[in-house]
Amino acid sequence: PLTMVSKTPYLTVKGTWEQIGQFVVTISFPALRSLSIHITHLGDNDQLISEASTTLCMIADHLPNLNAFELSCVPGSTRYHTSRQQIGNPPPLELPGGTLDALVSPIKSLSSLRILSIFFNLYRLEYASEDLVNIAEVWPDLEELHLAFGTSDAMTAEDHAPATIPDGIAGFEAIASL
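Just so we're clear, the structure is a prediction, and the values are computed from it rather than from any experiment.

(A) Main features of the pairing of strand β2 (residues 34–41). Counting buried positions along β2 gives 6 out of 8 residues, so the element sits mostly inside the fold. In the sheet, strand β1 (residues 10–15) pairs with β2 via 6 bridges, with the strands oriented parallel. Bridge assignment links Lys14 to a residue of β2, and that residue is His38. Remark: the β1/helix α2 (residues 17–26)/β2 crossover connection has right-handed handedness. Bridging between β2 and strand β3 (residues 68–75) involves 8 bridges; their strand directions are parallel. Residue pairing across strands places Ile37 opposite Leu71, the latter belonging to β3.

The following block contains the structure:
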């Protein structure tokens, strides 16, 4: 059955970082162009960026022709979900070393990306204007960028100011107003 799946250009996979990584390296998907992964993070938040990096490196190594990539991650902790039910929406979870640049670094070799979506809604993921400029430089043909994550209370409006986009970077207009 998986040999039939390997001919598809679109794939959505759900699981843990480890499960997704193992899946990607054991199956051949030569026609795959669009990958959507939905992660339930079961480990310590201190390890999330490290675990993500390992899995994202596997994806970049084994699926180099992706032109669309969606990454969604939610905590699997029952403690967090219980607190959400009891107090409504608690603040985003701390993510040591959690920066937008640290998250996208392992997939920078995916030179054909046209669509990149990152959804870490329940986590605090820091970013700066330079991160958006770096994304534009790494993927000059990027047409869509979708970002959703918590930010630090300490960040100011200036930190959230739109990036100054260098001239000549095509396709970045879609995210220039972030």
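(B) Structural context of the sheet that holds strand β4 (residues 115–124). Here we have 5 strands laid out as an open sheet, ordered β1-β2-β3-β4-β5, and parallel in their pairing. With partners counted over all chains shown, the strands left at the sheet margins are β1 and β5 (144–150), one partner each. On average, each strand axis in the sheet is inclined to that of its neighbour by 10 degrees, with strand direction left out of account. Pairing geometry for β3 and β4, over 5 bridges, is parallel. Paired with Phe69 across the bridge in β4 is Leu116. Contacting β1, β2, β3 and β4, α2 runs over the sheet at an angle of about 140 degrees to β1.

Cut-off values and rules
Residues numbered from 1 in each chain as written. Predicted model: local features only at pLDDT ≥ 70, side-chain atom pairs only at ≥ 80, totals over all residues. Heavy atoms only, no water. Buried < 20%, exposed > 50% of the residue type's maximum accessible area, 1.4 Å probe, protein only. Helix = DSSP H or I, 4+ residues; strand = E, 2+ residues; numbered from the N terminus. Pairing = 2+ DSSP bridges. Right-handed = clockwise from strand over helix to strand, strands pointing away. Axes fitted to C-alpha atoms, helices over the stretch in contact; angles between N-to-C directions. Contact = heavy atoms within 4.5 Å.

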